[in-house]
Amino acid sequence: MSIAIKQSYWALALIYLIAMLGSPFAFEWVIKAAPIWLLAVAVLRAPSVPAKPLLLVAILISSLGDVLLELNLFVFGLGAFLVAQLTYGVLFARRFAWRPDRFAWVVFLLVWAMAVLIWCWPNLEALTVPVLAYMVAILFMGVAALNSRFALYPAFFGAAVFILSDSLIAIGLFASPFPGQPWAVMLTYYLAQFCIVRALLRD
C-alpha cells in the first residue's frame, strides 16, 4: 500500500469523523464509505495479491454494509458485514497454522464476546438470531487471524479492533449508549479495515 493511499485513507476518514458533527446530512453514506472504497483501489493497484477477487469482495461488501446502515437498514447492513467477516476469515484461513502460543488470545475473544452478548441479551428481542449469527462470523474471522501465519500486527490487531468496533455498536444499540459512541465506532472501524487489508496485501 503506497504512502499516498495511506495518507489519503486517513484524510478521508478524518473528514468523515469531523462531518459526523453535522450528521445526518445528504449523501452522508458517500463520505462514510469513501475510505473503504480507497482500500479497494489499493488492492486493485497492488501488483500481486493472493485471492485478490476475494479480498475485493470483502472490502466492497463492507462498504455496502456502511451504506445500508447509514440508510437505517440495520438487518441488511448486518448481513452485508456478516458476509464480509466470513470472507476475511476465509482469507486468513488460507494461511492456517495452529498457534498454541496464541491460545490465550482465543480465550480472551470468546470471553469478551460472551460478556458483550450477556450485557445486550435482554434487549436483542427480534434481532437475537441475526446478532448471534454475526457474532459467530466475526469470531471466526478473529480466530482465523490468530491461527494463521500472519503476524499479530497488523492482522490480529485489525481483527480485534473490528470486534471492538462492533461491540461498541452493540452496546450502544442494545445496552448502554454513551457519549462519543458513534465516533469511537467509526474510528475503530476505519483502523480495523486499514490493518486487515494491509495485512492481506502483505500475504
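Above this text is the structure in question.
Residues numbered from 1 in each chain as written. Predicted model: local features only at pLDDT ≥ 70, side-chain atom pairs only at ≥ 80, totals over all residues. Heavy atoms only, no water.

Even after reading the chapter, I still don't get unusual backbone geometry, so can you show me in this structure?
Note: most residues except glycine have negative phi, and most peptide bonds are trans. The linkage connecting S23 with the following residue, P24, adopts the cis geometry, with an omega of 0 degrees. Its place among the elements puts P24 in the loop between α1 (3-19) and α2 (28-45). Of the consecutive residues Y153 and P154, the connecting peptide bond is found in the cis state with omega at 10 degrees. Counting through the fold element by element, P154 comes out in helix α7 (residues 152-174). (Helix = DSSP H or I, 4+ residues; strand = E, 2+ residues; numbered from the N terminus.)

What is the right way to look at the packing of aromatic side chains in this model?
How two aromatic rings sit relative to each other is set out by the distance from centre to centre and by the angle between their planes. One pass over the full model with this rule turns up 16 aromatic pairs. With centroids separated by 6.5 Å and ring planes inclined at 90 degrees, the aromatic side chains of Y16 and Y190 adopt a geometry described as edge-to-face. In this pair, Y16 is assigned in helix α1 and Y190 in helix α8 (residues 181-201), connecting sequence segments 174 residues apart. In this pair, the class of Y16 matches that of Y190, namely buried. (Phe/Tyr/Trp six-rings, centres within 6.5 Å; stacked < 30°, edge-to-face > 60°. Buried < 20%, exposed > 50% of the residue type's maximum accessible area, 1.4 Å probe, protein only.)

For this particular structure, what's the right way to read the packing of α7 against α8?
Packed helix pairs are specified by the crossing angle of their axes together with the interaxial distance, meaning the distance between the axes. Interhelical geometry of α7 versus α8 gives an angle of 155 degrees and a closest axis separation of 7 Å. In this view, α7 runs roughly antiparallel relative to α8, as classed from their interaxial angle. Where α7 crosses over α8, the two elements pack in a sense that is left-handed. Across the contact of α7 with α8, the residue classes break down as 18 nonpolar, six polar and one charged. (Axes fitted to C-alpha atoms, helices over the stretch in contact; angles between N-to-C directions. Parallel < 35°, antiparallel > 145°, perpendicular 65-115°, else oblique. Left-handed = near helix turned anticlockwise from the far one by under 90°. Nonpolar A, V, L, I, M, F, W, Y, C, P; charged D, E, K, R; others polar.)

Could you clarify how one ought to interpret the nonpolar core in this entry?
Nonpolar side chains in soluble globular proteins tend to be buried together. Membership of the largest hydrophobic core comes to 62 residues, with the highest contact counts inside it found for L55, I59, Y88, F92 and F162. Secondary-structure elements contributing two or more residues to this core are α1, α2, α3 (52-70), α4 (74-93), α5 (103-120), α6 (128-146), α7 and α8. Ranked by residue count, the leading element in this core is α8, at twelve residues. Ignoring anything within four residues of it in the chain, the contact list for Y88 reads L55, A58, I59, S62, M141, F162, Q193, I196, V197 and L200. (Core = buried A, V, L, I, M, F, W, Y, C linked by side-chain atoms within 4.5 Å. Contact = heavy atoms within 4.5 Å.)

So what exactly am I meant to see when it comes to the pattern of salt bridges here?
Side chains that differ in charge, positive against negative, can pair when their charged atoms come close. Under the counting rule described, the total for this entry stands at two salt bridges. Note that K32 and E70 form a salt bridge whose closest N and O atoms lie 3.2 Å from each other. Note that K32 is positioned in helix α2 and E70 in helix α3, a separation of 38 residues in sequence. On the basis of relative accessible area, E70 is assigned to the partly exposed category, the value being 22%. Close ionic contact of R99 with D101 constitutes a salt bridge, the shortest N to O distance being 3.4 Å. (Salt bridge = Lys/Arg side-chain N within 4 Å of Asp/Glu carboxyl O.)

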